[in-house]
Amino acid sequence: MTLLEQIDKERMPKHVAIIMDGNGRWAKAKGLPRTAGHAEGVERVKEITAEATRLGIKFLTLYAFSTENWNRPAPEIEALMTLLIDHLEEETFMKNNVRLLTIGEFGKLPPKVQERVQACIDHTANNTRMTMVVALSYSSRWELTETMRHMAQEVKEGRLQPEDITEQTISEHLQTNFMPDPDLLIRTGGELRISNYLLWQAAYTEFYFTNTYWPDFREESLHQAILDFQGRQRRFGKTGEQVEEEKGK
Ligand code: IPE
Ligand code: IPE
Ligand code: MG
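1. Quick word on the overall build of the protein
Scanning the protein from terminus to terminus reveals ten helices and six strands. Its C-alpha radius of gyration of 19 Å places the protein within 12% of the 18 Å reference for a compact globule of 249 residues. If you sum the accessible surface of the protein, you get close to 13200 Å²; carbon and sulfur atoms cover 51% of it. Distance between charge centroids for the protein: 3 Å, based on 31 positive and 38 negative side chains.

2. Observations regarding the site of ligand 2
Neighbouring residues of ligand 2: Ile-19, Met-20, Asp-21, Tyr-63, Ala-64, Phe-65, Ser-66, Asn-69, Arg-72, Arg-187, Arg-193 and Ser-195. Here an oxygen atom of ligand 2 sits 2.6 Å away from a polar atom, N or O, in the side chain of Arg-193. Within the side chain of Ser-195, an N or O atom sits 2.5 Å from an oxygen atom of ligand 2. Computed on the free molecule, ligand 2 has an accessible area of 390 Å², of which 79% lies beneath the protein chains in the complex. Considering every element that reaches the shell around ligand 2, the biggest residue donor is strand E2 (residues 59–66), with four residues. Its residues placed into classes, the shell around ligand 2 shows five nonpolar, three polar and four charged.

3. Considering the site of ligand 1
In the neighbourhood of ligand 1, 13 residues make up the surrounding shell, with Asp-21, Gly-24, Arg-25, Arg-34 and Arg-72 lying closest. Asn-23 has a polar backbone atom sitting 3.1 Å from an oxygen atom of ligand 1. Arg-72 has a polar side-chain atom sitting 2.7 Å from an oxygen atom of ligand 1. Expressed as a share of its isolated accessible area of 380 Å², the protein-covered part of ligand 1 is 88%. The greatest single-element share of the shell around ligand 1, amounting to three residues, is contributed by helix H2 (residues 23–29). Looking at the shell around ligand 1 residue by residue, the class counts come to three nonpolar, five polar and five charged.

4. Thoughts on the sheet that holds strand E1 (residues 15–19)
Pairing is parallel across the open sheet formed by six strands, whose spatial order is E3-E4-E2-E1-E5-E6. The two strands at the open ends of the sheet, each matched to only one other strand, are strand E3 (98–103) and strand E6 (206–209). For this sheet, the mean angle separating the axes of adjacent strands, direction not counted, is 20 degrees. Here E3 runs beside strand E4 (residues 130–138); their pairing, made up of six bridges, is parallel. Following the sheet pairing, Arg-99 is matched in E4 by Thr-131. Most of the contacts of helix H9 (residues 219–230) go to strand E5 (residues 184–187), to which it runs at about 135 degrees, and overall it touches E5 and E6.

5. Quick word on the packing of aromatic side chains
For the coordinates displayed, the defined rule picks out seven aromatic pairs. Look at Tyr-63 and Tyr-197: their rings are 4.0 Å apart centre to centre, the planes differ by 10 degrees, and that puts the pair in the stacked class. Of the two residues, Tyr-63 sits in strand E2 while Tyr-197 sits in the loop between E5 and E6, which places them 134 residues apart along the sequence. Among the aromatic residues, those joined into a cluster by ring pairs are Tyr-63, Tyr-138 and Tyr-197.

6. Some details on unusual backbone geometry
Non-glycine residue Asn-97 carries a positive phi angle of around 60 degrees. Relative to the elements of secondary structure, Asn-97 occurs in the loop between helix H5 (90–96) and E3. On the basis of relative accessibility, which here comes to 26%, the residue Asn-97 falls in the partly exposed class. Backbone geometry at Phe-236 places phi at a positive 45 degrees, although glycine is not the residue there. Structurally, the position occupied by Phe-236 is in the loop between H9 and helix H10 (240–248). Residue Phe-236 is classed as partly exposed on the basis of its relative accessible area, which comes to 45%.

7. Some points on helix H3 (residues 34–55)
Residue pairs three or four apart in sequence face the same way in an α-helix, which turns once every 3.6 residues. Between the first and last C-alpha of H3 there are 31 Å, a value that for 22 residues agrees with the 32 Å anticipated at 1.5 Å per step. In the segment just after H3, Gly-56 is the residue with positive phi, at about 90 degrees.

8. A look at the pairing of E1
Of all five residues that make up E1, five are buried, and the element is covered over most of its length. Every second residue of E1 is oriented toward a common face, with His-15, Ala-17 and Ile-19 on one face and Val-16 and Ile-18 on the other, all of them buried. Of the pairings in the sheet, the one linking E1 to E2 comprises five bridges and is parallel in character. Paired with Ala-17 across the strands is Thr-61, a residue of E2.

The rules behind the values
- Residues numbered from 1 in each chain as written.
- Chains lettered and ligands numbered in written order.
- Predicted model: local features only at pLDDT ≥ 70, side-chain atom pairs only at ≥ 80, totals over all residues.
- Heavy atoms only, no water.
- Helix = DSSP H or I, 4+ residues; strand = E, 2+ residues; numbered from the N terminus.
- Rg over C-alpha atoms; globule rule 2.2 N^0.38 Å.
- Areas by Shrake-Rupley, 256 points an atom, 1.4 Å probe, with all protein chains shown as cover.
- Lys, Arg positive; Asp, Glu negative; His and termini not counted.
- Charge placed at Lys NZ, Arg CZ, Asp CG, Glu CD.
- Near = heavy atom within 4 Å.
- Polar contact = N/O pair within 3.5 Å; in protein donor to acceptor, adjacent residues only side chain to side chain.
- Nonpolar A, V, L, I, M, F, W, Y, C, P; charged D, E, K, R; others polar.
- Pairing = 2+ DSSP bridges.
- Axes fitted to C-alpha atoms, helices over the stretch in contact; angles between N-to-C directions.
- Contact = heavy atoms within 4.5 Å.
- Phe/Tyr/Trp six-rings, centres within 6.5 Å; stacked < 30°, edge-to-face > 60°.
- Buried < 20%, exposed > 50% of the residue type's maximum accessible area, 1.4 Å probe, protein only.
- Expected span 1.5 Å × (residues − 1).

As structure tokens, this is what we get:
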């Protein structure tokens, strides 16, 4: 049986988040410039998005550029932004019925990138099969700081009472408020860290780390990650017996 055949289509993660890491090391290992790794990485974005759509995943959140990535050499940042502009193909989104959205500090992106991305967001707004969320100039602490500012402002203006603030209030104020928390978070490239991604949202997310560099992460790699996920018991603080009993109901 192939990996794909082993996947239980009834138990797909609704939201898969991916930290796409390892482009630079992939290129270096081949004696290529780092940007060649990013270019190959873009091909995997297309492949994995298409496969996630086919599998029935509803939200795919891709970490493409972090707040901290602004500290990279200017030519590398430039190359990443250019790749983004060149590879946003509306036709592919339309063909697959995928909606594009972003999270992150949109205003910090170069105007040309903003225009291009916004056009694609507008064009795909009514697509319903899957939502692909690209985290651009995103970091979780930035998002949380913004959220706290907004909430403080609402309190100041009397629109929000401190005693009414619940976990749900906070979730609703985050940029990710339109989607459920990630069920599965995949990090490629071998590092065992979260690098400022979806800290609040990943409170009960299942983590999957692989040494595979992002440019080598193929459809089968995604199948493998999902199978691994499906083999786990999500207990949310309960006992295994409780979870089994509830499943039987
Ligand atoms: C991930 O690959 C892509 C971005 C962060 C934009 P890296 O560029 O971080 O690749 P490594 O980690 O240096 O191999
Ligand atoms: C995380 O990768 C951010 C993205 C994948 C966009 P990095 O390569 O920037 O992460 P660190 O800094 O090594 O943790
Ligand atoms: Mg990296």
